[in-house]
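A look at the structure
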Amino acid sequence: MRTAVAFDTPYAGWTPDDHRTQMEQELAGDEHEPEMEYQVAGALLDQGHEVLLVGIGKDPRVLLDLCTSWKPDVVINCAESFNGDGSLDHLCATLLDAGGYRYTGSAPLALQVTRDKAMSKKILAFHGIKVPPFVMYRTRERVTEPPPFDFPLIVKPLAADASVGIAKASVVDDLAALTDRVAFVHERFRQPAIAEQFIRGRELYAGILGNDERLQVLPLTELVFDKDKTEPEQRIATQAAKWTETYRERWGIRTVFARPVSALARERIETICRTAGRALWLRDYSRIDLRLTDDDEVWVLEANANPFISEGHEMANAAAKVGLSYPQFIDRIVQEALARYSRE
Ligand SMILES: Nc1ncnc2c1ncn2[C@@H]1O[C@H](COP(=O)(O)OP(=O)(O)O)[C@@H](O)[C@H]1O
Ligand SMILES: [Mg+2]
């Protein structure tokens, strides 16, 4: 199987061989966690794929030029942005569609809709899935009145990911704080802001593998906080809570396999994942971020059509729990894509 790994890179001008050398260095060393695309490529090599590393820098034509000459059987899409712009993360999929190549993961429409936290919530609500009520404020639009639901709210950039723009100050208790935070999001991130009702509850992540009747909801991951050190409104996945080890230790934050949930909650989560997967046209692999309240209500915070799949993180750990080694997990994503194309 000839599998190309496509990804965004700041190293414009690097050839596949340059990336191969860099990949070998990063995978052999143990100082830094290797880039996701290199981990994915390493896993594919382990599973017997022939691999071409296609780094997309400033010139998107590189992708189709390399595909034309190398003729991959399938492309694994690891692009998270284009030229530093996350809102163009769909470009790689768009070009692959235009070139007629088979690739893993969601199509451009799903990548764009799920990036917009308001648009995706509207679709989920249409399908009867519980989502927090929200108000969207376009860039430069001012807050003039309290939203028609109760504080506290959480204010987020409309189209960011990886907890960019999420901090303790994102949770607001009154109109003045809401006004300030919305203005901050506009200025700092140059995009609309969404203010959602804050949902108190456990924070769960559900990984999804496969499509249609093969769709599998992986074991749940939970972000847990030390309850003695934090208030419910502080138990959120801020950037620091996700990525800063010292901060995680201080507040007792850990990412673990979810503690038990009731049979009812489990069933609700399963149904939500299947419904959301279809409603948002998710393909092959994805992750739904959820909140589970004390009375077993399940709320969707967002759907990730292009989740992080590095080893040792939520998706890969959940796959390991159902018996897939990291290379098997990555190979499985490719097989799910191929199976999907063979049914089309
Ligand atoms: N409506 C909400 N109620 C409670 N917590 C929220 C809500 N929305 C977001 N959060 C917290 O903020 C985190 C990041 O929000 P999310 O919408 O998943 O953005 P990102 O795309 O950055 O992951 C969530 O994981 C959760 O901890
Ligand atoms: Mg999230």
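Residues numbered from 1 in each chain as written. Chains lettered and ligands numbered in written order. Predicted model: local features only at pLDDT ≥ 70, side-chain atom pairs only at ≥ 80, totals over all residues.

**Notes on the overall build of the protein**
- Each helix and strand in the protein was counted, giving 12 helices and 13 strands.
- Taken over the C-alpha trace, the protein has a radius of gyration of 20 Å; the compact-globule value for 344 residues is 20 Å, and the two agree within 12%.
- The C-alpha extent of the protein, read off along each of the three principal axes, is 60 × 45 × 45 Å.
- Evaluated residue by residue, the protein yields a buried proportion of 43% over its 344 residues.
- In the protein, 70% of the contacts between residues at least 6 apart in sequence involve partners at least 24 apart. (Helix = DSSP H or I, 4+ residues; strand = E, 2+ residues; numbered from the N terminus. Rg over C-alpha atoms; globule rule 2.2 N^0.38 Å. Buried ≥ 20, exposed ≤ 12 C-beta atoms within 10 Å, placed from the backbone. Contact = placed C-beta atoms within 7 Å.)

**Regarding the site of ligand 1**
- By nearness alone, 20 residues border ligand 1, and Asp161, Glu196, Ile199, Ile236 and Ala237 come closest of all.
- Listing elements by their share of the shell around ligand 1, those giving two or more residues are strand E5 (153-157), strand E12 (285-292) and strand E13 (298-304).
- Tallied by class, the residues present in the shell around ligand 1 amount to 11 nonpolar, one polar and eight charged.
- Of the domains in this structure, domain 2 (133-197) and domain 3 (200-220 + 258-343) are the two that each give at least three residues to the shell around ligand 1. (Near = placed C-beta within 6 Å. Nonpolar A, V, L, I, M, F, W, Y, C, P; charged D, E, K, R; others polar. Domains from an automatic or database assignment.)

**Section: the environment of Val40**
- Along the chain, Val40 falls in helix H2 (residues 36-46).
- Note: C-alpha distance between Val40 and Ser310 (270 residues apart in sequence) is 7.4 Å.
- Discounting chain neighbours no more than four positions away, the residues touching Val40 are Val5, Ile76, Cys78, Ile309 and Ile330.

**With respect to unusual backbone geometry**
- Cis geometry marks the peptide bond from Phe151 to Pro152, where omega comes out at 0°.
- Secondary-structure assignment places Pro152 in the loop between strand E4 (134-137) and E5.
- Despite not being glycine, Asn83 has its phi angle at roughly 50°, a positive value.
- Phi at Ser163 takes a positive value of approximately 60°, unusual for a residue other than glycine.
- By the element assignment, Ser163 lies in the loop between E5 and strand E6 (171-172).
- With 17 C-beta atoms packed within 10 Å, Ser163 lands in the partly exposed category.

**As for the domain arrangement of the protein**
- As assigned here, the protein comprises domain 1 (2-103), domain 2 (133-197) and domain 3 (200-220 + 258-343).
- Taken together, the contact pairs 15 residues of domain 1 with 14 residues of domain 3.
- Only H2 and strand E3 (74-77) provide two or more residues apiece to the side of domain 1 that touches domain 3.
- Among the elements that line the side of domain 1 that touches domain 3, the one with the most residues is H2, at six residues.
- Residue composition of the side of domain 1 that touches domain 3, grouped by class: seven nonpolar, three polar and five charged.

**Notes on the sheet that holds strand E7 (residues 193-197)**
- Pairing in this open sheet of four strands is antiparallel, and the strands run E4-E7-E5-E6 from one edge to the other. The sheet is open, and its two edges are formed by E4 and E6, each paired on a single side.
- As defined by bridge partners, E5 adjoins E6 across two bridges and the pair is classed as antiparallel. Looking at E6, one finds that Ile154 is bridged to Val171.
- Sheet contacts for helix H6 (residues 117-126): E4, E5 and E7; angle to E4, the most-contacted strand, approximately 145°. (Pairing = 2+ DSSP bridges. Axes fitted to C-alpha atoms, helices over the stretch in contact; angles between N-to-C directions.)

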